[in-house]
Amino acid sequence: VAPDGDIIGVFKNPNSHVRGALRTLIPTAIANGGTKLDCYGYNLVRQYQKYGFIPVARTKFVAEFANEGWTPDKGEPDIYFMMHNGDSAEVTLRKSIDDSYEKYSKEYCDSLPLMDYEDAEKYRDGLLEQRQQRFSFEGKTAKLADGTELTYDEFAAQVRKAVPDITDDAIQSAFAEELENDT
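Quick look at the structure, then. (Residues numbered from 1 in each chain as written. Predicted model: local features only at pLDDT ≥ 70, side-chain atom pairs only at ≥ 80, totals over all residues. Heavy atoms only, no water.)

**Let's talk about the sheet that holds strand β2 (residues 53-59)**
Strand order in the open sheet formed by three strands is β1-β3-β2, and the pairing between neighbours is antiparallel. On the outer flanks of this sheet lie β1 (36-40) and β2, each paired with one strand and no other. Pairs of neighbouring strands in the sheet enclose a mean axial angle of 30°, with direction left out of account. Taken together, the five bridges between β1 and strand β3 (residues 79-84) define a ladder with antiparallel strand orientation. Pairing of L37 across the sheet is with M82, part of β3. (Pairing = 2+ DSSP bridges. Helix = DSSP H or I, 4+ residues; strand = E, 2+ residues; numbered from the N terminus. Axes fitted to C-alpha atoms, helices over the stretch in contact; angles between N-to-C directions.)

**Focus on the pattern of salt bridges**
Pairing between side chains of opposite charge can happen when their charged atoms approach one another. With the rule as written, the count across this model stands at eight salt bridges. In this structure, D125 and K36 form a salt bridge, with 3.0 Å as the shortest nitrogen-oxygen distance. Here K36 lies in strand β1 and D125 lies in helix α5 (residues 117-134), a separation of 89 residues in the sequence. Judged by relative accessible area, which is 25%, D125 ranks as partly exposed. With a closest N to O distance of 2.8 Å, D78 and R58 form a salt bridge. Linking D78 in the loop between β2 and β3 with R58 in strand β2, this pair joins segments that are 20 residues apart in sequence. In this structure D78 comes out as buried when scored by relative accessible area, which is 11%. (Salt bridge = Lys/Arg side-chain N within 4 Å of Asp/Glu carboxyl O. Buried < 20%, exposed > 50% of the residue type's maximum accessible area, 1.4 Å probe, protein only.)

Structure below.
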């Protein structure tokens with residue numbers, strides 16, 4: 001995982017007989033700050049969406065920038081830019097096992113904005129930045145209707161206890177609402 005949250009270099013060794021490696025790799029990457037990735041082709045989108053990644057943009061394949069070992073017989077798939085939905089590694093693992101993340105069709109993915117590589121990266125990163133700014137709760141407390149004041153972590157723990165399958169984004173939205181109600 002790069003310092004900016006980019007999950008890079010996720011490849012399966014063609015000689016490996018290990019199945020389901022992503023079930024360990026992706027939650028570990030998320031636990032270590034992974035928030036985004038890009039991938040070649042819809043088949044990989046189908047794999048990463050199982051872990052809460054959302055395709056947001058795409059670019060056409062450019063042979064001169066292909067990974068080492070690429071040959072024309074491997075095709076020229078679009079490159080999809082994906083961002084994680086913000087769930088914790090623990091929730092991501094549980095929801096991937098339950099297969100409860102949203103599925104994105106090939107038609108949907110083909111309708112994503114088509115950009116050059118740098119613009120697609122900037123677009124995705126801008127979406128992540130907007131979400132981060134919206135949900136920056138460090139040092140903030142919300143005053144609930146009963147007068148109780150809770151930090152975000154305390155609030156999240158209480159909500160998760162009551163609704164174990166709730167997404168982190170839903171908890172963050174609820175906390176943001178409580179903050180707005182305080183003003």
